[in-house]
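# Architecture and fold: a report
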Amino acid sequence: MEVIEKRAGSVPFDPFYDPMTARGLGPHSDYAPTYWIGTAGAAPEDDGPVTADMDVDVAVIGSGYTGLSTAIHLAKMHGIKATVLEANGVAYGCSTRNGGQAQISSGRLKRSQWIERWGLDVAKGMHAEVVEGFDLFRGLIRDHAIDCQPQDGGHYYIAHKASAMPALESETRLLNETFDYSAKILSRDELHETVVRDHEAHGAMWEPDGVGVHAAKLAFGYLRVARELGAKVHTDSPVQSWVLKDGVHHLRTPGGTVRARRVAVATAAYAPRGLHPRLKDRLMPIMSNSVVTRVLTPSELEAVGIQKLSPLTDTRTLRHYYRLLPDNRLQIGSRAAITGRDAANPAHLAALREGMARKFPALRGIDLDYSWWGWVDVSHDMMPRITGLPDLPGAFYALGYGGNGVMYSAMAGRRMAQLVAGEAVPDLPIFNTELPHEGWKTPFRRLGQWGLYHLYHYRDERK
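Remember, predicted model here, so these are calculated numbers, not experimental data. (Residues numbered from 1 in each chain as written. Predicted model: local features only at pLDDT ≥ 70, side-chain atom pairs only at ≥ 80, totals over all residues. Heavy atoms only, no water.)

### Quick notes on the overall build of the protein chain
What the protein chain contains, in helices and strands, is twelve helices and 19 strands. A compact globule built from 463 residues would reach a C-alpha radius of gyration of about 23 Å, and the protein chain, at 21 Å, matches this within 12%. When its C-alpha atoms are laid out on the principal axes, the protein chain stretches across 65 × 50 × 45 Å. Counting the 463 residues in the protein chain, one finds 59% classified as buried. Carbon and sulfur atoms form 53% of the exposed surface of the protein chain, whose accessible area is close to 18,100 Å². (Helix = DSSP H or I, 4+ residues; strand = E, 2+ residues; numbered from the N terminus. Rg over C-alpha atoms; globule rule 2.2 N^0.38 Å. Buried < 20%, exposed > 50% of the residue type's maximum accessible area, 1.4 Å probe, protein only. Areas by Shrake-Rupley, 256 points an atom, 1.4 Å probe, with all protein chains shown as cover.)

### Quick word on unusual backbone geometry
Non-glycine residue Asp246 carries a positive phi angle of around 50°. Phi at Met382 is positive, roughly 70°, even though this residue is not glycine. Turning to its location among the elements, Met382 is positioned in the loop between strand 17 (368-379) and strand 18 (385-388).

### Considerations on the packing of aromatic side chains
Inspection of every chain in the model, using the stated rule, returns eight aromatic pairs. Measuring from ring centre to ring centre gives 5.5 Å for Tyr35 and Tyr370, while their planes differ by 85°; the resulting arrangement is edge-to-face. Of this pair, Tyr35 sits in helix 1 (residues 35-39) while Tyr370 is found in strand 17, placing the two residues 335 residues apart along the sequence. Seen from their ring centres, Tyr401 and Tyr408 are 6.5 Å apart, and the 75° between their planes marks the pair as edge-to-face. According to the relative accessible area criterion, Tyr401 is buried, its value standing at 6%. A relative accessible area of 0% means that Tyr408 is categorised as buried. Of the aromatic side chains, those joined through ring pairs into one cluster are Tyr35, Trp36 and Tyr370. Across from the ring centre of Tyr92, 4.9 Å away, lies the NZ or CZ of Arg97, which sits over that ring. Here the basic side chain of Arg117 rests over the ring of Trp118, its NZ or CZ set 5.7 Å away from the ring centre. (Phe/Tyr/Trp six-rings, centres within 6.5 Å; stacked < 30°, edge-to-face > 60°. Lys NZ or Arg CZ within 6 Å of the ring centre and 35° of its normal.)

### Topic: the layout of surface pockets
In this structure, the largest pocket occupies an estimated 1,400 Å³ of space. Looking at the largest pocket, it is lined by 45 residues, and the ones nearest its centre are Arg108, Thr317, Arg319, Met382 and Tyr456. Those elements that provide at least two residues to the lining of the largest pocket are helix 3 (111-118), strand 5 (155-158), helix 5 (165-177), strand 7 (203-207), strand 13 (283-293), strand 17 and helix 12 (445-461). No other element matches helix 12, which puts eight residues into the lining of the largest pocket. Its residues assigned to classes, the lining of the largest pocket shows 17 nonpolar, 14 polar and 14 charged. (1 Å grid on protein atoms, 1.4 Å probe; cavity = no way out; pocket = protein on both sides within 12 Å on 5 of 7 lines; lining within 4 Å. Points joined across faces, edges and corners; volume = space filled by probe spheres on them. Nonpolar A, V, L, I, M, F, W, Y, C, P; charged D, E, K, R; others polar.)

### Section: the nonpolar core
By size, the foremost hydrophobic cluster in this structure holds 91 residues, and its most contacted members are Phe137, Leu218, Tyr222, Ile386 and Tyr408. Counting residues per element, this core draws most heavily on helix 10 (residues 405-420), at ten residues. In this view, Phe137 contacts Ala102, Val211, Val213, Leu218, Tyr222, Val406, Met407 and Ala410; residues no more than four positions away in its chain are not counted. With 23 residues, the next largest nonpolar core counts Leu186, Trp206, Leu352 and Phe360 among its residues. (Core = buried A, V, L, I, M, F, W, Y, C linked by side-chain atoms within 4.5 Å. Contact = heavy atoms within 4.5 Å.)

As far as function goes, none of this settles anything; it's purely spatial.
Structure (structure tokens):
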């Protein structure tokens, strides 16, 4: 297990941070103790904290995948050199705590659910958007030589029980016949012989687009590209207040006030609730746990039988996402605690271990090299939004991927750059509506989440 470097002048990482209760985040926190940070090497140089008041054209709040993609595309497509403000280290939040799985999605809903919600024409437009987004994602990695260990080979959506197969078969037909997208069904035997010997599996749907990446190396590559294109990335500079005065956004940080004509918010689940009243409670932060084992022995590798390094997920609502890493460790993650104060409850780690052992009995009790958790930005209707704020001129946001932002965040950053620059974007619901708010139900959301988790667990585990 590699030793995770401490940031210079840092304070210890707070594993119990909860965006729904904490007043703010940072600055100077160490990174979460993830496999990605432990194996990425040193981050590229950034521009350090804000140290004086400044006037800028565009301020981007958040330096994860979305914020850095926004800065990259503002420079590449519009000649605008953005100023990125980050509360802690670059990509401190979910961009270095995820599972490194790039899938052809932009939120939690499937194509059939897009049709139910918006109709076929809009669903086809959404499909075209994510296909173009995947091309953009691959192109950024390729064209800028981002060394994030991309493992291309599609995404396997694995039925964890027999009753899940009919829905996968129906979705596969829909993808082929309606969206002209070449998904296919694999039987249990085919899956075991060619992909993974998952003991729970009853078959799988394969989608051609799926890439495993080293999450932190991807983020650090975006940082390098953004700065090469002229963006400034100021770390340890949390936005402590945001006021619009005479058409100018005043963003106060510990080191000075940044006055910006336009602001792009890319904070995912790590924005404090007080960042701006117009954004308050429009997301539901959901915690996800992840572990990485020690390096597997040859006999364990044979028993696990993973022959593809691309993303694997199962059909649980409280989904397991897993894959073999290039150094022969196994990574697996799932949903976990509801509150930050319960994050370290041993029951959550035990449940994830048990989930791994059901899939791979040979790994029961295996030593873990890494264990961490992080917050996912889930919208109340399970789809992201990349849009402007009608009553806050010059302000935009891209939020709400629901755990599917590794790939689509690249496209979301490009779309937000277009909005900031005054260009039109496709006429799709994720661009022309805002994130929904739960209104009077807001104080009771976690109680509802607790109830839903029990229901989902029951549905997931019954035969």
